[in-house]
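Chain by chain, the residues run as shown.
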There are 2 protein chains.
Amino acid sequence: MPVSNKTDIVAESVVGKGPRRLRKKAAASVVVSDPSGPSSVALDLGELNELLGYSLKRAQLRIFEDFLRCVAPVKLTPAQFSVLLLLDRNPGRNQTEIAMTLGILRPNFVAMLDALENRGLCTRQRSPNDRRSHVLMLTDKGRTTLAKAKKLVADKHEARLIDVLGPRQHRAMLEMVAKLAKEL
Amino acid sequence: MPVSNKTDIVAESVVGKGPRRLRKKAAASVVVSDPSGPSSVALDLGELNELLGYSLKRAQLRIFEDFLRCVAPVKLTPAQFSVLLLLDRNPGRNQTEIAMTLGILRPNFVAMLDALENRGLCTRQRSPNDRRSHVLMLTDKGRTTLAKAKKLVADKHEARLIDVLGPRQHRAMLEMVAKLAKEL
DNA sequence: TCATAATTGTTATACGCCATATCAAATAGC
DNA sequence: GCTATTTGATATGGCGTATAACAATTATGA
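What counts as what
The numbering scheme is per chain: residues are counted from 1 as the chain's sequence reads. The naming scheme follows written order: chains are lettered A onward, ligands numbered 1 onward. With pLDDT at 70 or above as the cut-off, local features in this predicted model cover only qualifying residues; side-chain atom pairs require 80 or more to be listed or tallied, and sums for whole chains, interfaces and linings still use all residues. Each side-chain value is worked out from all heavy atoms of the structure, with water and hydrogens disregarded. Think of it this way: one heavy atom of a residue within 4 Å of a molecule or strand is enough to make that residue near it. Nitrogen and oxygen atoms within 3.5 Å of one another constitute a polar contact, given that in protein one can donate a hydrogen and the other can accept it, and given that sequence-neighbouring residues count only through two side-chain atoms. Put simply, DSSP marks the helices as runs of H or I at least four residues long and the strands as runs of E at least two long, and each gets a number from the N terminus on. Following the grouping adopted for this structure description, the nonpolar residues are Ala, Val, Leu, Ile, Met, Phe, Trp, Tyr, Cys and Pro, the charged ones are Asp, Glu, Lys and Arg, and the polar ones are all others, Gly among them. Relative accessible area decides the class of each residue, using a 1.4 Å probe on protein chains only: under 20% of the type maximum gives buried, over 50% gives exposed, and in between gives partly exposed. Among buried residues, those of type Ala, Val, Leu, Ile, Met, Phe, Trp, Tyr and Cys that are joined through side-chain atoms within 4.5 Å constitute a nonpolar core. Should any heavy atoms of two residues lie within 4.5 Å, those residues are considered in contact.

## A word on the protein's contact with DNA strand D
Okay, so step 1: Residues in contact with DNA strand D amount to 20 residues; listed here are only the nearest, Gln-95, Thr-96, Arg-124 and Arg-132 of chain A together with Asn-108 of chain B.
Okay, so step 2: For DNA strand D, the backbone portion of the atoms within 4 Å of the protein, that is sugar and phosphate, comes to 59%.
Okay, so step 3: One of the side-chain N or O atoms of Arg-132 of chain A is found 2.7 Å from a base oxygen in DNA strand D.
Okay, so step 4: With respect to DNA strand D, the backbone of His-134 of chain A contributes an N or O atom lying 3.2 Å from a phosphate oxygen.
Okay, so step 5: Of all the elements in the fold, those that place two or more residues in the surface near DNA strand D are helix 3 (95–101) and helix 4 (106–118) of chain A together with helix 4 (106–118) of chain B.
Okay, so step 6: Here the residues of the surface near DNA strand D sort into five nonpolar, nine polar and six charged.

This is the structure in structure tokens:
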């Protein structure tokens, strides 16, 4: 649910920035150790914060950490969660299809599926049509686990992101990031 | 941690570019192979595109790929570039300070510095004050390489991002992503 | 002062993710 | 039918990340 937001400057489609484009380098910095000694003041990050990829990477790491915390009760990684989601929405597909859709290489998907199957969350069955391929399906346990995970993701993880960004910026960021992933 | 690189090209073709600004779930999907056979229509991504972390991760991978392409002439990874930037802005610091600032663990920073030093881009000197630590400094070659890299980043890489997102959203995204990295 | 603790750079090591080559079984194409 | 392709799988290597441990050096406190 939309939690309270403080700075909700960004509009949905046209993202207008509040403060007029500040060209000044604000000399952003980080403290490297405790601020007692004279040599441990702060390091100048330079144009590092103007590098989208730099902050994006750090944000991504934080987000994945938060995901792991929130979904810890059902012990699913982001990758595993995405697999279960896809299996739920697309039952009966084979490994190649699921893996490709998620951008996972087939060799690397084998161990991943092994883990999920060993936990009883999904099954591999040889396809009667094509006995090379495995038909993948969620088990009942997989479905209930996915349901729990989805609730945790929505109520804890995504809620946290919305709380930090504000609902509108959260939505705007979703669209921008999807655009980048698609059009870059 | 900031930067990592890796030259990966994810094989995946996005198909439904569909209307953005859609409130309803547009059943976004991906084609998994050629659209001839009946079983290879398109996979339903479900609420995967509502997961900020999912799209963010993919965007981050694309951005790093683009960075590598653009900065290829000077052969610097995002991580190396961030180190050179920091050394330029903060000469005379030691390895611990630089590494910590970038979120790199000290053990892993050793090999990284080795590479830069072997290429003649920076130097390690034992500090006269504290003979445990190494004073890090850019060489002239390091400075000119950094200058070239900065130009490539600004003129090619960041320009590409601005081209895709538009200047306003690019800046908005920079701020949102920084906020996430900081406050999450 | 001197023994002990802490710090710095470093090595070794292990884990996870990603990528490539390759294989046997099965299927598709001709 | 013979060849080429596909599917799941194995092995392997590279890279990023994480922890433990170590020698040299410095800081700290009794």
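## What about unusual backbone geometry?
Note: most peptide bonds trans; most residues except glycine with negative phi.
All names here are of chain A.
Okay, so step 1: One non-glycine residue, Lys-75, adopts positive backbone phi at about 50°.
Okay, so step 2: By the element assignment, Lys-75 lies in the loop between helix 1 (52–71) and helix 2 (78–89).
Okay, so step 3: Overall, Lys-75 belongs to the exposed group, its relative accessible area being 61%.

## A short note on the nonpolar core
Okay, so step 1: Counting residues in each nonpolar core, the largest one holds 33 residues, and the members touching the most others are Leu-48 of chain A together with Val-71, Phe-81, Ile-98, Leu-102 and Phe-109 of chain B.
Okay, so step 2: Mapped onto this core, the elements with two or more residues apiece are helix 1 (52–71), helix 2 (78–89), helix 3 (95–101), helix 4, strand 5 (134–138) and helix 5 (140–165) of chain B.
Okay, so step 3: Residue contributions to this core peak at seven residues, all from helix 2 of chain B.
Okay, so step 4: Leaving out residues up to four positions away in the same chain, Ile-98 of chain B has contacts with Leu-43 of chain A together with Leu-86, Leu-87, Asn-90, Arg-93, Phe-109 and Leu-136 of chain B.

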